[in-house]
Amino acid sequence: MKIVFANPFMPSTGVAVVFATDTGRFLTSASKLDTAAKGALTRAVKGSKFRGRKGQSLTVMAPASAKLNRILLVGLGKAKDIDELAAQSVGGEIYTHIGSSGQTSANVMVDEIDGVSMKTAEIAANIAYGARLRSYCFDKYLTKKRAEAQPSLKTLRITCVRSLNAKSLFQPLNRVADGIFMARDLVSEPPNVIYPQSLAQRARELSKLGVKVEVLGEAKMRKLGMGALLGVGQGSARESQMVIMRWNGAGKDSSPIAFVGKGVTFDTGGISIKPAGGMEDMKWDMGGSGVVIGLMRALAGRKARVNVVGVVGLVENMPDGNAQRPGDIVTSMSGQTIEVINTDAEGRLVLADALHYTVERFKPKFIVDLATLTGAIIVSLADQYAGLFTNNDTLCDRLLTAGIAVNERLWRLPLGDGYDKMINSDAADMKNVGGRGGGSITAAQFLQRFIGATPWAHIDIAGVTWSKRNLDTVPKGGTAFGVRLLDRLVADYYEGK
Ligand code: BES
Ligand code: MN
Ligand code: ZN
């Protein structure tokens, strides 16, 4: 779908999208079209429950005396409630009504609205962003595509005053959407297509955007002493990889910020094998790495003025004659030893080495890691919040605030000595599982043992990486949760504005 911007005009073909607020009042273009269509819109409203509320809409087909194929009237709700997120939802909603309607072009007529705090061009850009986010569709493996579900819309034209402003406001948002789409693609791909080397290859493609990409194979990682990560991959026929991506958008002497992602391209549980039901979901156990790769794409795409490092640890967790056993003791790159009690608690083993490597090599200002780390976080927070664990209150506030701004919400959970003790082992420096309680917290405590004094946040995204239902700007499937959040964190706090 192409999205273009133009100054206001009266469309004469395709679909016209016009608006009303919750007083039931038509905005200018709605009134004009109503007049041109001899009151068809007013009559349609009278014959319906449409009151201009947010989420309400009404379609008028082939109005006599206007040449349009249809008019879509969309409710905006109260003018004072219209903000970035609301405008994005409206865009998403518009797309759901016309994206696969059979129409190929639409004109969204964004008029000035009394009592709104945003500029019209900003509203227009955010409607476009929401529509693009909602238009995502992963159907490359369907050979017989159902005609009704097929996207038909080729051009979405947004018209408003100062449309050049709207167009330039949309640019960076559109680049973030590219990163979101990449992350969604990566988690949606099946695990026979995405495995450590093929995922590393997808990351390599970012070099086109000016990202420096390095890939470490098993030999290099063995030299570096990454026994924790390598142990997880040792039962797999696929070679484990670590990918280091660097985007230098700021001055040479500005130390980088770092993002680290768990990339288990398939998690069977290993010898501590998972039950069969739902195991296919474990294709998206590389969600954290997908987000870090998508985020690098977003930041490079919009040429963010910041130095960023993205590191992803890529492994496949398989049972095999050569697989790691419960009871094995591995030595991590940090030198600390780990007793592997449960081979299904593998994400933390991968991150242990990825985090230590990142701290030691880059000495970043801070690290944020993302991981589909624990089933326990789904028990705690369902799909409503991701779990946040951090050793730094400033970073905490910034992340919480960014999350609210982009509707990728976080909830902070505690860390503490009492929880840390739960992963002490008699046989090694630590074990990879705690007791029965606080499973997400003991997982976070484990990670904390590998980051030293660096400001750090861990985001457990197990509950939010895959959505079972359609949301306004997130179709069901891979959500890319974290790309928008961290792009916003960077934009609001780390671009030296
Ligand atoms: N990848 C899983 C966590 C997960 C579960 C993600 C469900 C998404 C949906 C992780 O590797 C895992 O298996 N965790 C175990 C840890 C346990 C063995 C201590 C879990 O949560 O059961
Ligand atoms: Mn597991
Ligand atoms: Zn896992």
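Residues numbered from 1 in each chain as written. Chains lettered and ligands numbered in written order. Predicted model: local features only at pLDDT ≥ 70, side-chain atom pairs only at ≥ 80, totals over all residues. Heavy atoms only, no water.

1. Brief notes about the site of ligand 1
Reasoning step 1: Near ligand 1 lie 17 residues; those nearest to it are Lys 274, Asp 285, Asp 344, Glu 346 and Gly 375.
Reasoning step 2: In the model, an oxygen atom of ligand 1 is placed 3.2 Å from a nitrogen or oxygen of the Lys 262 side chain.
Reasoning step 3: One nitrogen or oxygen atom from the side chain of Glu 346 is found 2.8 Å from an oxygen atom belonging to ligand 1.
Reasoning step 4: Starting from 520 Å² of accessible surface for ligand 1 in isolation, the protein chains cover 77%.
Reasoning step 5: Counted by class, the shell around ligand 1 contains 6 nonpolar, 4 polar and 7 charged residues. (Near = heavy atom within 4 Å. Polar contact = N/O pair within 3.5 Å; in protein donor to acceptor, adjacent residues only side chain to side chain. Areas by Shrake-Rupley, 256 points an atom, 1.4 Å probe, with all protein chains shown as cover. Nonpolar A, V, L, I, M, F, W, Y, C, P; charged D, E, K, R; others polar.)

2. Focus: the coordination of the manganese ion (ligand 2)
Reasoning step 1: Ligation of the manganese ion (ligand 2) by protein atoms is provided by Asp 267 (OD), Asp 344 (O), Asp 344 (OD) and Glu 346 (OE), these donors lying 2.0 to 2.2 Å from the ion.
Reasoning step 2: Classification of the site at the manganese ion (ligand 2) rests on its 6 donor atoms, whose angles at the metal span 71 to 167°, yielding the label irregular.
Reasoning step 3: Read N to C, the donor residues that coordinate the manganese ion (ligand 2) are spaced as D-x76-D-x1-E. (Donors = N, O, S within 2.8 Å, 3.2 Å for Na, K, Ca; no water. Tetrahedral: all angles 85-135°; square planar, octahedral: opposite > 155°, others 65-115°.)

3. Topic: the domain arrangement of the protein
By convention, interface size is frequently given as the accessible area that disappears when the constituent parts associate.
Reasoning step 1: In terms of domain boundaries, the protein breaks down into domain 1 (2–162) and domain 2 (176–493).
Reasoning step 2: Centre-to-centre, using C-alpha coordinates, domain 1 lies 38 Å away from domain 2.
Reasoning step 3: Across the contact, 15 residues belong to domain 1 and 24 residues belong to domain 2.
Reasoning step 4: For the domain 1 and domain 2 pair, buried surface summed over both sides reaches about 1600 Å², with 54% attributable to carbon and sulfur atoms.
Reasoning step 5: When the buried surface of domain 1 facing domain 2 is broken down by residue, Leu 133, Arg 134 and Tyr 136 rank first, second and third, together holding 40% of it.
Reasoning step 6: At the junction of domain 1 with domain 2, the criterion picks out 3 salt bridges.
Reasoning step 7: A salt bridge links Asp 178 to Arg 132, with the nearest nitrogen and oxygen atoms 2.9 Å apart. (Domains from an automatic or database assignment. Contact = heavy atoms within 4.5 Å. Buried area = accessible area lost by both parts, 1.4 Å probe. Salt bridge = Lys/Arg side-chain N within 4 Å of Asp/Glu carboxyl O.)

4. Some thoughts on the sheet that holds strand S3 (residues 57–61)
Reasoning step 1: Spatially, the 6 strands line up as an open sheet ordered S1-S6-S5-S2-S4-S3, and their pairing is mixed. Both edges of this open sheet fall to strand S1 (2–6) and S3, since each of them pairs with a single strand only. Pairwise comparison of adjacent strand axes, ignoring direction, gives a mean angle of 20° for this sheet.
Reasoning step 2: Pairing between S3 and strand S4 (residues 70–75): 5 bridges, direction antiparallel. Across the sheet, Thr 59 pairs through a bridge with Leu 72, a residue of S4.
Reasoning step 3: Relative to strand S2 (residues 15–20), helix H1 (residues 28–36) is tilted by about 120°, and along the sheet it contacts S2, S4 and strand S5 (105–109). (Pairing = 2+ DSSP bridges. Helix = DSSP H or I, 4+ residues; strand = E, 2+ residues; numbered from the N terminus. Axes fitted to C-alpha atoms, helices over the stretch in contact; angles between N-to-C directions.)

5. What about helix H14 (residues 439–448)?
A turn of α-helix holds 3.6 residues, and therefore any two residues three or four places apart point the same way.
Reasoning step 1: Burial analysis of H14 places 8 of its 10 residues in the buried class, which makes it a mostly covered element.
Reasoning step 2: When H14 is considered as a whole, its buried residues turn out to be Ser 440, Ile 441, Thr 442, Ala 443, Ala 444, Gln 445, Phe 446 and Leu 447. (Buried < 20%, exposed > 50% of the residue type's maximum accessible area, 1.4 Å probe, protein only.)

6. Brief notes about the pattern of salt bridges
Reasoning step 1: In the structure shown here, the tally under the stated rule is 23 salt bridges.
Reasoning step 2: What emerges from the salt-bridge pattern is a single network uniting Arg 302, Arg 305, Asp 487 and Glu 495.

7. A look at the coordination of the zinc ion (ligand 3)
Reasoning step 1: Within the protein, the atoms that donate to the zinc ion (ligand 3) are Lys 262 (NZ), Asp 267 (OD), Asp 285 (OD) and Glu 346 (OE), at distances of 2.0 to 2.4 Å.
Reasoning step 2: What the 6 donor atoms of the zinc ion (ligand 3) show is an angle range of 77 to 174° at the metal, which sorts the shape as octahedral.
Reasoning step 3: Each donor residue of the zinc ion (ligand 3) lies on one chain, and together they are spaced K-x4-D-x17-D-x60-E.
Reasoning step 4: Between the two metal centres, the zinc ion (ligand 3) and the manganese ion (ligand 2), the spacing is 3.2 Å, with Asp 267 acting as a shared donor. Here Lys 262, found in strand S9 (residues 257–267), pairs with Glu 346, found in the loop between strand S12 (337–339) and helix H10 (347–362); they are 84 residues apart in sequence, far enough to count as distant. Of the two residues, Lys 262 and Glu 346, neither departs from the other in class, the shared state being buried.

8. A word on the environment of Trp 456
Reasoning step 1: Within the fold, Trp 456 resides in strand S17 (residues 456–460).
Reasoning step 2: Relative accessible area serves as the criterion here: at 0%, Trp 456 is assigned to the buried category.
Reasoning step 3: When the C-alpha positions of Trp 456 and Asp 369 are compared, they lie 7.9 Å apart, and in sequence the two are 87 residues distant.
Reasoning step 4: A distance of 2.9 Å separates the side chain of Trp 456 from the side chain of Asp 369, its partner in a polar contact.

9. Things to note about the sheet that holds strand S13 (residues 367–371)
Two modes of strand pairing occur in sheets, parallel and antiparallel, and in both the strands are linked by backbone hydrogen bonds.
Reasoning step 1: Across the sheet, 8 strands lie side by side as S7-S8-S10-S9-S13-S17-S14-S15; this open sheet has mixed pairing. With partners counted over all chains shown, the strands left at the sheet margins are strand S7 (212–216) and strand S15 (410–412), one partner each. The sheet shows a mean angle of 20° between the axes of neighbouring strands, direction not considered.
Reasoning step 2: Of the pairings in the sheet, the one linking S9 to strand S10 (residues 307–317) comprises 10 bridges and is parallel in character. Bridging across to S10, Phe 259 finds its partner in Gly 310.
Reasoning step 3: On top of the sheet, H10 reaches S7, strand S8 (241–248), S9, S10, S13 and S17; it is set at about 155° to S9, its chief contact.
Reasoning step 4: Helix H12 (residues 393–406) rests against S13, strand S14 (386–390), S15 and S17 of the sheet, and its axis sits at about 160° to S14.

10. Remarks on the side chain of Thr 159
Reasoning step 1: Take Thr 159: it is sitting in strand S6 (residues 155–159).
Reasoning step 2: Residue class for Thr 159 comes out buried when judged on its relative accessible area of 3%.
Reasoning step 3: Sequence-distant contacts of Thr 159, that is, excluding residues within four places in its chain, are made with Ala 6, Asn 7, Pro 8, Phe 9, Val 108, Met 109 and Val 110.

11. Focus: the packing of H10 against H14
Reasoning step 1: Close contact between H10 and H14 brings their axes to 9 Å; oriented N to C, the two are set at 30°. It follows from the interaxial angle that H10 and H14 lie roughly parallel. Remark: the crossing between H10 and H14 carries right-handed chirality. Taking contact as the criterion, the partners of Arg 348, Leu 349, Leu 351, Ala 352 and Leu 355 in H10 are, on H14, Ala 443, Phe 446 and Leu 447. (Parallel < 35°, antiparallel > 145°, perpendicular 65-115°, else oblique. Left-handed = near helix turned anticlockwise from the far one by under 90°.)

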